[in-house]
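Fold and contact review
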Amino acid sequence: MYTGKNIKKENTITRYKALVIFILIITAITIAISGCFEMSEENALGLTQFHLDTHCTIIIHGGGTRAEVTKLLDEAFEIIENFEKIFSITVQDSDVWRINHAGGEPVTVSEHTIMVIRTGIMFGELSDGLFDISIGRLSRLWRFGIDPYIPTLSEIDFAIETVDFRNIVIDGNTVQLKNPDTWIDLGAIAKGYIADQVGDFLREKDIVGAVINLGGDIVTVGTRLDEELWRVAVRDPKAGSDELIGVIDTKEAAIISSGLYERMFVIDNRTYHHILDPRSGMPVITDLVSVTLVADNALVGEALSTTALLVGSEKAIEILEQTEGFRGGILILSDGKIIKVGDIRWLPDEE
Amino acid sequence: MKSNKFWLITFGVLIISCITVIYFLQKTPASYANIYHNNILIDSVDLSNTNEIWFRQTVNNAEQYNQILVEVGRIRIQAANCPDKFCIHQGWVSSGLIPIVCLPHRLVIQLQNNKNADYDAIVG
């Protein structure tokens, strides 16, 4: 028999059940949403911008919420912009611009500029002057990547007269060019140094890992989210090819790629690429068309990769094997042959 | 029996709620691509429909163009009058964080997804 008391009890139980269901659903949704935020913290985020006359991509694995990682990416790109203001040959009042326009007088510059110039001089000596950072007059003449132009012979003659890294004098934190007509150009080496600096910045942050790719100068930091090795694919250097010829798997490292296909231009059916021979003033011709190197840091890696293209495979292997910080690399010859040097994990595409 | 049924329904609702929320929240980020010119976002493209987008600019009195194609879940540059054609050779991109880049025209297409693809970078 139902009494008022029983009905009241029944209602209380129903309310109790409804409350339990409500709490459980809210809990479930909360767990699901927080789980998804957790997942987004464990994901990767990338951003690409144009700086240093090339495209720069930074990918961060982990590192918090989307907003937190976006802030880190912005800070990393700010570092690149600040270094561009120091190393650019065209930005007025950059260290390089002030050295080139000082009329042979000593110029006080930043420790970063001293470091990069010292490395440039070291590779000038290693390559018997083929890699030469005092190539500024010549490289500006060709206007690669801006408005390509084939210089006249007299223009080339004047420019190559000014190229000699032995004209660069470093004293403390000053740089002096003994020949006032000489211009230095750190374009073949500064990207690597900047990639290293961005890598150092991100290494200090609470992230799982990162890939910094400044136009082919790559620095990897930490690990991937899945803790597998970083995977850098190498494209076939033949013009117009989108085929991959293999993959380099590596731990934290600098992976640097240089090739004759970059910044090239075609005039009257003739291809002109951007690696210049300071002896002739013309694009260099060797048996190499592309090199991808793995090194401890990108500064040395970038200088090595350009040097390799300038000296050809035989001398390149000799230089690579004696350079501290070099781990290994892939040299691609003009006939399509691939030479593996040093100790790296190279997985060629078998297809 | 009534009590068992009650708990069965409760847990059923719980599991369905979880799956639904996870499914929708995970699916959202991969559905569009951002197009940047000179580091400035110029378009956000919905990848759920077929579409054709033309990027055009005039530099030194010469017209530069990139024809961008969109199919469900993927995007590519189909044609361009840049000198190296690297952007075209990159082909279709449907996942990952490696962008499509046209350096001569300073154009970048970046998928808005946060899943890593097979490679972390492509060089050469």
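The sections below set out a description of the structure shown in this document. No experiment lies behind these values; they were computed from the predicted model shown.

All names here are of chain A. Assignment of secondary structure puts Thr113 in helix α4 (residues 111-126). For Thr113, a relative accessible area of 0% translates into the label buried. Of note is the side chain of Thr113, whose polar atom sits 2.6 Å from the side chain of Asp95.

Turning our attention to the environment of Asp249 of chain A. All names here are of chain A. Among the structural elements, Asp249 can be located in strand β9 (residues 244-250). For Asp249, a relative accessible area of 10% translates into the label buried. Along the sequence, Asp249 and Ala233 sit 16 residues apart, while their C-alpha atoms lie 8.7 Å from each other. Non-local contacts of Asp249, meaning those with residues more than four positions away in its chain, are made with Leu229, Trp230, Arg231, Arg345 and Leu347. At 3.1 Å, the side chain of Asp249 forms a polar contact with the side chain of Arg231.

Another aspect to go through is the nonpolar core. Across soluble globular proteins, nonpolar side chains show a tendency to be buried alongside one another. Within the largest apolar cluster, 79 residues are counted, with the highest numbers of intra-cluster contacts made by Ile58 and Ile117 of chain A. Tallying contributions element by element places helix α2 (residues 66-87) of chain A first for this core, with ten residues. Looking at which domains feed residues into this core, each of domain 1 (95-177) and domain 2 (229-351) of chain A gives three or more. Ile58 of chain A has contacts with Leu45, Gly46, Leu47, Leu73, Ala76, Phe77, Ile80, Val198, Leu202, Val211 and Ile212 of chain A, leaving out every residue within four places of it along the chain. In terms of nonpolar packing, the next biggest core, distinct from the first, is built from 20 residues, Ile77, Cys87, Cys102 and Leu111 of chain B among them.

What follows concerns the sheet that holds strand β7 (residues 107-111) of chain B. Residues and elements named next belong to chain B. Taken in spatial order, the four strands of this open sheet run β2-β1-β7-β6, and their pairing is antiparallel. The open sheet is flanked by β2 (40-46) and β6 (100-102), the only strands paired with a single partner. On average, adjacent strands in this sheet sit at an angle of 15° to one another, irrespective of strand direction. Pairing between strand β1 (residues 32-37) and β2: six bridges, direction antiparallel. The residue bridging Tyr36 from the neighbouring strand is Leu41, located in β2.

This next bit is on the packing of α2 of chain A against helix α7 (residues 190-203) of chain A. Residue and element names in this part refer to chain A. Axis separation between α2 and α7 bottoms out at 10 Å; the angle between their running directions is 145°. Taken as a pair, α2 and α7 cross one another with a handedness that is right-handed. Mapping the contact onto sequence places Leu72, Glu75, Ala76, Ile79, Ile80, Phe83 and Phe87 in α2 and Ala190, Tyr193, Ile194, Gln197, Val198 and Phe201 in α7. Residues that form the contact of α2 with α7 fall into these classes: eleven nonpolar, one polar and one charged.

This part takes up α2 of chain A. Residue and element names in this part refer to chain A. Helix length check: α2 (22 residues) gives 32 Å between terminal C-alpha atoms against 32 Å at 1.5 Å per residue, within 8%. All buried positions along α2 are accounted for by Val69, Leu72, Leu73, Ala76, Phe77, Ile79, Ile80, Phe83, Ile86 and Phe87. All buried residues of α2 fall inside an arc of 165° around its axis, so they share one side. In α2, the exposed positions that point more than 90 degrees away from the buried face belong to Ala67 and Lys71.

Attention now goes to the pattern of salt bridges. Scanning the entire structure with this criterion turns up 15 salt bridges over all chains. A salt bridge links Arg224 of chain A to Asp120 of chain B; the nearest nitrogen and oxygen atoms lie 2.9 Å apart. Here Arg224 of chain A, found in the loop between β7 (217-222) and β8 (230-235), pairs with Asp120 of chain B, found in the loop between β7 and β8 (121-123), and the two come from separate chains. Classification of Arg224 of chain A as buried rests on a relative accessible area of 8%. You can call Asp120 of chain B buried: its relative accessible area is 4%. Three or more residues are tied together by salt bridges with common partners; here these are Asp200, Arg203 and Glu252 of chain A.

Residue and element names in this part refer to chain A. Ordered in space as β3-β5-β4, the three strands form an open sheet in which the pairing is antiparallel. The sheet is open, and its two borders are formed by β3 (107-108) and β4 (168-171), each paired with just one other strand. Where β3 lies against strand β5 (residues 174-177), two bridges are found, and the strand directions are antiparallel. Residue pairing for β5: Thr108 is matched across the bridge by Thr174. The strands touched by α4 within the sheet are β4 and β5, with β4 carrying the most contacts at an inclination of about 135°.

What follows is about the packing of aromatic side chains. Taken as a whole and judged by the stated rule, the model has five aromatic pairs over all chains. Measuring from centroid to centroid gives 6.2 Å for Phe123 of chain A and Phe131 of chain A, while their planes differ by 65°, and the two rings are edge-to-face. According to the relative accessible area criterion, Phe123 of chain A is buried, its value standing at 0%. Under the relative-accessibility criterion, Phe131 of chain A is labelled buried at 2%. Look at Trp54 of chain B and Tyr65 of chain B: their rings are 5.8 Å apart centre to centre, the planes differ by 50°, and that puts the pair in the tilted class. Remark: Tyr65 of chain B occurs in strand β4 (residues 62-71) and Trp54 of chain B occurs in strand β3 (residues 51-59); sequence separation between them is eleven residues. Given the relative accessible area of 39%, Trp54 of chain B is considered partly exposed. Cluster of aromatic residues (ring-pair linked, three or more members): Phe83, Phe87 and Tyr193 of chain A. Above the plane of the ring of Trp183 of chain A lies Arg137 of chain A, whose end atom (NZ or CZ) is 4.1 Å from the centre.

Basis of the calculations
Residues numbered from 1 in each chain as written. Chains lettered and ligands numbered in written order. Predicted model: local features only at pLDDT ≥ 70, side-chain atom pairs only at ≥ 80, totals over all residues. Heavy atoms only, no water. Helix = DSSP H or I, 4+ residues; strand = E, 2+ residues; numbered from the N terminus. Buried < 20%, exposed > 50% of the residue type's maximum accessible area, 1.4 Å probe, protein only. Polar contact = N/O pair within 3.5 Å; in protein donor to acceptor, adjacent residues only side chain to side chain. Contact = heavy atoms within 4.5 Å. Core = buried A, V, L, I, M, F, W, Y, C linked by side-chain atoms within 4.5 Å. Domains from an automatic or database assignment. Pairing = 2+ DSSP bridges. Axes fitted to C-alpha atoms, helices over the stretch in contact; angles between N-to-C directions. Left-handed = near helix turned anticlockwise from the far one by under 90°. Nonpolar A, V, L, I, M, F, W, Y, C, P; charged D, E, K, R; others polar. Expected span 1.5 Å × (residues − 1). Arc of directions from axis to C-beta. Salt bridge = Lys/Arg side-chain N within 4 Å of Asp/Glu carboxyl O. Phe/Tyr/Trp six-rings, centres within 6.5 Å; stacked < 30°, edge-to-face > 60°. Lys NZ or Arg CZ within 6 Å of the ring centre and 35° of its normal.

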